[in-house]
Amino acid sequence: VLLLVGSLNLSKIVEAQRGMWFFIPLFPMFIIFFISTLAETNRHPFDLPEAESELVAGYQVEYSSMSFGLFMLGEYANMILMSGMTTILFLGGWLPLFDVAPLNWIPGPLWFIAKIMVLLFVFVWVRATLPRYRYDQLMRLGWKVFLPVSLGWLVLTAGVLVYFDLAPKTAM
């Protein structure tokens, strides 16, 4: 995403997606980013801290009342934050699906919230459908699949941008 935009400014990243959202040309990176988001938020199938003791909810059995509520609040706040980042980086942020009259009437914050809600639905959907990964499977996925694919896609994207002279022009 940063290669396509040439800036770390989140507003510029969203504005660069006016013509086409980045999940289309960067689809493999979108999938890797979302799966990494699942792992980062310790959501199923990557909820390894909960699987440590194979009890009801792992370490959360130790907590009750307000401390348990704060753990759950933090977990869901992390899911909302990462869904927001996914929306900004790959799904056009607050931009509508298509730049046509009826869709332009909907305010940008509603588009942003709707996209976050769709991603939160996918979080719940994945939790309900996939089995839990073991620790060795997670390490293999990260090191032997995600890292080589990410580096290869980075080199491919940079090569296409340089070859076709599509690299963003940044003022120094």
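The shown structure was predicted, so the numbers you read here are calculated from the model rather than taken from an experiment.

Colleague: Explanation requested: the overall build of the protein in the structure shown.
Modeller: Looking only at helices and strands, one finds eight helices and zero strands in the protein. The proportion of buried residues among the 172 residues of the protein is 31%. At a minimum sequence separation of 6, the contacts of the protein that also span at least 24 residues come to 72%. Accessible surface, the protein as shown: approximately 11,000 Å² in total, 73% of it carbon and sulfur. With 10 positive and 11 negative side-chain charges, the protein shows a separation of 7 Å between the mean positions of the two kinds.

Colleague: I'm lost on a nonpolar patch on the surface in this one. Help?
Modeller: On the surface, Leu3, Tyr135, Met139, Trp143, Leu147, Leu151 and Leu154 cluster together into a nonpolar patch covering about 720 Å² of accessible area. Sorting elements by how many residues they give to the nonpolar patch places helix α8 (residues 135–163) first, with six residues. For Trp143, a relative accessible area of 60% translates into the label exposed.

Colleague: What am I meant to see in helix α3 (residues 27–40) here?
Modeller: For an α-helix the count is 3.6 residues per turn, leaving residues at separations of three or four pointing the same way. Compared with the 20 Å implied by 1.5 Å per residue over 14 residues, the 20 Å span of α3 between its first and last C-alpha is a close match. Every buried residue of α3 is accounted for by Met29, Phe30, Ile32, Phe34, Thr37 and Leu38. Looking at the buried residues of α3, the elements they touch are α5 (65–90), α7 (108–129) and α8. Positioned one or two residues after α3, Asn42 has a phi angle of 55°, which is positive.

Colleague: I'm lost on the packing of aromatic side chains in this one. Help?
Modeller: We describe a pair of aromatic rings using the distance from one ring centre to the other and the angle between the two ring planes. Summed over all chains, the structure comprises nine aromatic pairs. Grouped by ring-pair contacts, the aromatic residues Trp21, Phe23, Phe27, Phe30, Phe33 and Phe90 constitute a single cluster.

Colleague: Before we go on, may I ask you to explain the pattern of salt bridges in this structure?
Modeller: If the charged atoms of two oppositely charged side chains come close together, the side chains can form a pair. The full count for this structure, using the stated rule, is five salt bridges. The residue Asp136 makes a salt bridge to Arg140 at a minimum N-O spacing of 3.7 Å. Of the two residues, Asp136 and Arg140 both sit in helix α8, four residues apart, roughly one turn of that helix. Across the pair Lys169 and Asp165 runs a salt bridge whose closest N-O atoms are separated by 3.5 Å. In this structure, Lys169 and Asp165 share a single accessibility class: exposed. Members of the salt-bridge network, linked through shared partners, are Arg134, Asp136 and Arg140.

Conventions and cut-offs
Residues numbered from 1 in each chain as written. Predicted model: local features only at pLDDT ≥ 70, side-chain atom pairs only at ≥ 80, totals over all residues. Heavy atoms only, no water. Helix = DSSP H or I, 4+ residues; strand = E, 2+ residues; numbered from the N terminus. Buried < 20%, exposed > 50% of the residue type's maximum accessible area, 1.4 Å probe, protein only. Contact = heavy atoms within 4.5 Å. Areas by Shrake-Rupley, 256 points an atom, 1.4 Å probe, with all protein chains shown as cover. Lys, Arg positive; Asp, Glu negative; His and termini not counted. Charge placed at Lys NZ, Arg CZ, Asp CG, Glu CD. Patch = residues over 30% accessible without salt bridge, like charges linked within 9 Å, V, L, I, M, F, W, Y side chains within 5 Å. Salt bridge = Lys/Arg side-chain N within 4 Å of Asp/Glu carboxyl O. Expected span 1.5 Å × (residues − 1). Phe/Tyr/Trp six-rings, centres within 6.5 Å; stacked < 30°, edge-to-face > 60°.

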